[in-house]
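Residues per chain, in single letters:
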Amino acid sequence: MGNEEKEKKELVEQFGIHFNRYHNLPPLTARIMGILIVNCSKEGLTFQELVTRTDASKSSVSTSLNHLLELGKIMYYNLPDDRKKYFRPKRLVDRMDSHLRVINSEVELIEKMRAFSLKYQDPKNSEEFSGVVDTYLKYTTKIKKTLEEASKELTEKEQKLI
């Protein structure tokens, strides 16, 4: 195995660990995500290629792929006159948009919590809570703006790759 293959294998494992730890994906599912990210810059991988690369059972790979599809982390496409599905990770801009949806939802809930607190809780506790919420919202707004800018820039750059 050459240096490139060793480094590629290590990178796949690092992505696998990342997705297992920070996205709560099962180990095989996380590893498949890593394989797709590292190996699919333009073309996807078939189901059989993923079975071979993971050395896992067909049912385990199928379950993992369905889980990743449900989560919106991957996509598949078909080629004309070919019944195979080719799997690949979603675009980076899709990941940014997913993070934005989470932040928007959190901001909405935190603002509702603040209104509830002001309406029903002890004014002193409510004031302190509002201070915490204001700080949280201040930085969440900055993160949101950064993600929106990144999403726009990624969209432009990824369009050039297609």
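Our subject is the structure that appears above.
Each chain carries its own residue numbering, running from 1 in the direction its sequence is written. Given that this is a predicted model, residues contribute local features only at a pLDDT of at least 70 and side-chain atom pairs are listed and counted only at 80 or more, while totals for whole chains, interfaces and linings are drawn from all residues. Calculated side-chain values reflect all of the structure's heavy atoms, with hydrogen atoms and water omitted.

Next up on the list: the packing of aromatic side chains. Pairing of aromatic rings covers Phe, Tyr and Trp, the last through its six-membered ring, and needs centres within 6.5 Å; plane angles under 30 degrees mean stacked, over 60 mean edge-to-face, and all others mean tilted. Scanning all chains against the criterion turns up 4 aromatic pairs. Centroid distance Phe15 to Phe19: 6.4 Å. Interplanar angle 25 degrees. Geometry classified as stacked. With Phe15 and Phe19 both in helix 1 (residues 3–22), this residue pair falls 4 residues apart, about one helical turn. Only protein chains enter the calculation, and the probe is 1.4 Å; a residue is then buried if its accessible area is under 20% of its type maximum, exposed if over 50%, and partly exposed in between. Owing to a relative accessible area of 26%, Phe15 belongs among the partly exposed residues under this scheme. Ring centres of Tyr76 and Phe87 lie 5.9 Å apart, and the angle between their planes is 55 degrees; on these two criteria the pair is classed as tilted. Helix and strand labels come from DSSP, where a helix needs a run of H or I of at least four residues and a strand needs a run of E of at least two; each type is numbered from the N terminus.

Once that is clear, we can look at the nonpolar core. Note on soluble globular proteins: their nonpolar side chains tend to be buried together. The definition of a nonpolar core used throughout is a set of buried Ala, Val, Leu, Ile, Met, Phe, Trp, Tyr and Cys residues joined through side-chain atoms within 4.5 Å. Ranked by internal contacts, the top residues of the largest apolar core, which has 18 residues, are Ile32, Leu36, Leu50, Val61, Leu65 and Ile74. Among the elements that line this core, the one with the most residues is helix 2 (residues 27–39), at 5 residues. Should any heavy atoms of two residues lie within 4.5 Å, those residues are counted as being in contact. In this view, Leu36 contacts Leu45, Leu50, Ile74, Phe87, Arg88 and Pro89; residues no more than four positions away in its chain are not counted. Residues Leu100, Ile103, Val107 and Leu137 belong to the second largest nonpolar core, which totals 6 residues.

With 4 of 5 residues buried, strand 3 (residues 85–89) is to be regarded as a mostly interior element. Note on pairing: DSSP must find at least two bridges between two strands before they are called paired. Relative to strand 3, strand 1 (residues 45–46) runs antiparallel, the two being bridged by 2 bridges. Counted as the bridge partner of Thr46 is Tyr86 from strand 3. Between the end of strand 2 (residues 74–78) and the start of strand 3, which pair antiparallel, lie 6 residues, with Asp81 showing a positive phi angle near 60 degrees.

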